[in-house]
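Listed here are the chains, written in short residue letters.
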Amino acid sequence: MGLSTHVLDTMHGCPAAGMQVALYATDGDKAMLIKRLTLNADGRSDAPLLDNASLRVGTYRLSFEVAAYFKARAVELPEPNFLNRVSLDFGIAHPGQHYHVPLLVSPWSYSTYRGS
């Protein structure tokens, strides 16, 4: 199943539909953009971020446009806002396994874990 993500908006209690996300392959301080996408109505991508054939051992980054998402939902944020972009750096050690990277987010906090 490759690599997937799912974002839940904990402020409104719903999926983060419309949030912009970017996936990068990383090597030390270098990051190479793999793809940009917009999350669907369920707060997910329409297809795996990387399928099993494309997933490789290595390090990656998911970057979530948190402030832009909440501003689009008419949430009044201070300037500068507390969270602008949430970037999660993670490693793939077993590319034959499914890696799911969920994000639970509000304008002031976030959490993540390796899902199934």
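Residue positions within a chain follow its written sequence, with the count starting from 1. Only residues with pLDDT of at least 70 are given local features in this predicted model, and only at 80 or more are side-chain atom pairs given and counted; all residues enter the totals for whole chains, interfaces and linings. Excluding hydrogens and water, the side-chain figures rest on all heavy atoms present in the structure.

1. Here we look at the packing of aromatic side chains
Heads up, the rule is: In this scheme Phe, Tyr and Trp rings, the latter by its six-membered ring, pair at centre separations within 6.5 Å, and the angle between planes marks the pair as stacked below 30 degrees, edge-to-face above 60, and tilted otherwise. Strands here mean DSSP runs of E at least two residues long; helices mean DSSP runs of H or I at least four residues long; both are numbered from the N terminus. A 1.4 Å probe rolled over the protein chains alone gives each residue an accessible area, and that area as a share of the maximum for its type sets the label: buried under 20%, exposed over 50%, partly exposed in between.
Evaluation of the coordinates by the stated rule reveals two aromatic pairs. Considering the side-chain rings of Y60 and F90, the 6.1 Å spacing of their centres and the 25° angle between planes classify their relative orientation as stacked. With Y60 in strand β5 (residues 58-64) and F90 in strand β6 (residues 86-92), this pair connects stretches of sequence that are 30 residues apart. Like F90, Y60 is buried. Between the aromatic rings of Y69 and F70, the centroid separation amounts to 4.8 Å while the plane-to-plane angle is 75°, which identifies the pairing as edge-to-face.

2. Considering the pairing of strand β7 (residues 99-105)
We apply this condition: A pair of strands is considered paired only if DSSP assigns at least 2 bridges between the two.
Counting buried residues in β7 gives six out of seven residues, a clear majority hidden from the surface. Relative to strand β8 (residues 110-112), β7 runs antiparallel, the two being bridged by three bridges. Paired with L103 across the two strands is T112, which belongs to β8.

3. Things to note about the environment of V21
This is how the line gets drawn: Any two residues having at least one pair of non-hydrogen atoms within 4.5 Å are treated as being in contact.
Mapped onto the fold, V21 is located in strand β3 (residues 20-27). V21 sits in the buried class, given a relative accessible area of 3%. If we skip the residues at most four places from it in the chain, V21 touches K35, R36, L37, L39, L62, S63 and F64.

4. Regarding the sheet that holds β8
A sheet is described by the order of its strands in space; here four strands give the open sequence β2-β1-β7-β8, paired in mixed fashion. Edge positions in the open sheet fall to β2 (14-15) and β8, since each of these has one partner strand only.

5. What about the sheet that holds β6?
So the rule is basically this: Axis angles are defined between N-to-C directions and span 0 to 180 degrees, where every axis is a line fitted to C-alpha atoms and, for a helix, only to the segment in contact.
With respect to topology, four strands assemble into an open sheet ordered β4-β3-β5-β6, the strand pairing being antiparallel. Either end of the sheet is taken by a strand with one partner, and the two such strands are β4 (30-38) and β6. Each strand of the sheet is rotated relative to its neighbour by a mean of 25°, with strand direction disregarded.

6. Section: the side chain of S4
Stated precisely, the cut-off is as follows: Two N or O atoms form a polar contact when they lie within 3.5 Å of each other; inside protein one atom must be a possible hydrogen donor and the other a possible acceptor, and for residues adjacent in sequence the pair counts only when both atoms belong to side chains.
Checked against the element boundaries, S4 lands in strand β1 (residues 3-9). The buried category is assigned to S4, whose relative accessible area is 13%. Of the polar contacts made by the side chain of S4, one reaches the side chain of H100; its length is 2.6 Å.

By themselves these figures say nothing about function.
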